[in-house]
Amino acid sequence: SSGINAEYGGTPLIGPFVSPLNTFTAVIFWWLVFFGPADVFFNLYKIQPLQYVMMGARETRRCKKILDSVTAAAAVYPGQLIPMVLVGALGGCSGKFLQTTEESLRKGSSDLSRGEFIQISFVTKASLAIATLYTLVKSDIISLSIPHALLVCSLSLATVNLAMNLAGLPDPFHPISQVAWRV
């Protein structure tokens, strides 16, 4: 157990539940999803304008998680930019990587051809870009305050994600990823 704690900067794995607000939020949403009467929460979520509000909240939360991950990595790896970017990006999209690993373990195959390692999603690319920006801000390479960076990233990510869902726009990182794959 102490090896796991040392690996994650000395913080316990149940760190998110130390905050009463995080615990309360998790319990409320868990109850609403699994025990809400007559699937009210699910039926409310099916209303499209509410879906877009929740999408904005989700992307804002993602940006905050990336910032928290970059801050934690800066404490463990001071002055090292690449680990800060990688840890920050994983903070925003770690579920994508875990889902691929879990599916391959559950199915008993080592086929990762559909996984996040081969077909990188928009969320992963955006998390990498946002983690890079936060790292440059934290390292004083870019002179921008942390709240302004968080606001810019949240608004950008929510707007692009909304435009992709509403107008069917393609992944804005697609041309960059095509060039990167050729190299």
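See above for the structure.
These figures come from a predicted structure and were not determined experimentally.

The number of helices and strands found in the chain is eight helices and zero strands. Helices and strands appear in the chain in the N-to-C order α-α-α-α-α-α-α-α. For the chain, the proportion of its 183 residues judged to be buried stands at 24%. When contacts within the chain are restricted to residue pairs at least 6 apart in sequence, those whose partners lie at least 24 apart make up 58%.

Here the focus is helix H6 (residues 122-138). Here H6 contains 17 residues, and its C-alpha end-to-end distance of 24 Å stays within 8% of the 24 Å for a straight helix at 1.5 Å per residue. Where H6 ends, the next residue or the one after it, Asp140, has phi of about 60 degrees, a positive value.

With respect to the element layout, Ser154 can be found in helix H7 (residues 146-167). A relative accessible area of 7% places Ser154 in the buried class. Of the polar contacts made by the side chain of Ser154, one reaches the backbone oxygen of Leu150; its length is 2.8 Å. In this structure, Ser154 is in contact with Thr60 and Cys63, ignoring residues within four places of it in sequence.

Let us look at the pattern of salt bridges. Applying the stated criterion across every chain, the model contains four salt bridges. Lys64 is the salt-bridge partner of Asp68, the closest N and O atoms lying 2.9 Å from each other. You can see Asp68 and its partner Lys64 sitting in helix H4 (residues 48-76), four residues apart, about one turn around the helix. Since its relative accessible area comes to 39%, Asp68 is described here as partly exposed. Here Asp171 ties to Lys125 by a salt bridge, and the two come within 2.7 Å at their closest N and O atoms. With Asp171 in the loop between H7 and helix H8 (174-182) and Lys125 in helix H6, the pair connects residues that are 46 residues apart, well separated along the chain. Classification of Lys125 as buried rests on a relative accessible area of 16%. One salt-bridge network, in which partners are shared between bridges, spans Arg58, Glu59 and Arg62.

This part covers the state of the cysteines. For the coordinates displayed, the defined rule picks out zero disulfides. A disulfide-free cysteine, Cys63 has its sulfur positioned 5.5 Å from the sulfur of Cys153, the nearest such atom. Since its relative accessible area comes to 0%, Cys63 is described here as buried.

In this section: the packing of H4 against H7. Their axes nearest at 9 Å, the elements H4 and H7 cross at an angle of 140 degrees. In terms of orientation, H4 lies oblique with respect to H7. Crossing angle aside, the handedness with which H4 passes H7 is right-handed. Residue-level contacts link Tyr52, Met55, Gly56, Arg58, Glu59, Thr60, Arg62, Cys63, Lys64 and Leu67 of H4 to Ile146, Leu150, Cys153, Ser154, Leu157, Ala158, Asn161, Leu162, Asn165 and Leu166 of H7. Across the contact of H4 with H7, the residue classes tally to eleven nonpolar, five polar and four charged.

Right, let's talk about the packing of H4 against H6 for a bit. Two elements in contact, H4 and H6, have axes whose closest approach is 9 Å; the angle formed by their N-to-C orientations is 50 degrees. The orientation of H4 relative to H6 falls into the category oblique. For the pair H4 and H6, the crossing hand works out as right-handed. Counted together, Arg62, Cys63, Ile66, Leu67, Val70 and Thr71 of H4 and Val123, Ser127, Ile130, Ala131, Tyr134, Thr135 and Lys138 of H6 form the full contact between these two elements. Partitioned by chemical class, the residues of the contact of H4 with H6 number eight nonpolar, three polar and two charged.

Here is what the cut-offs are and how they apply
- Residues numbered from 1 in each chain as written.
- Predicted model: local features only at pLDDT ≥ 70, side-chain atom pairs only at ≥ 80, totals over all residues.
- Heavy atoms only, no water.
- Helix = DSSP H or I, 4+ residues; strand = E, 2+ residues; numbered from the N terminus.
- Buried < 20%, exposed > 50% of the residue type's maximum accessible area, 1.4 Å probe, protein only.
- Contact = heavy atoms within 4.5 Å.
- Expected span 1.5 Å × (residues − 1).
- Polar contact = N/O pair within 3.5 Å; in protein donor to acceptor, adjacent residues only side chain to side chain.
- Salt bridge = Lys/Arg side-chain N within 4 Å of Asp/Glu carboxyl O.
- Disulfide = S-S within 2.5 Å.
- Axes fitted to C-alpha atoms, helices over the stretch in contact; angles between N-to-C directions.
- Parallel < 35°, antiparallel > 145°, perpendicular 65-115°, else oblique.
- Left-handed = near helix turned anticlockwise from the far one by under 90°.
- Nonpolar A, V, L, I, M, F, W, Y, C, P; charged D, E, K, R; others polar.

Scope: geometric values only; no functional claims are made or implied.
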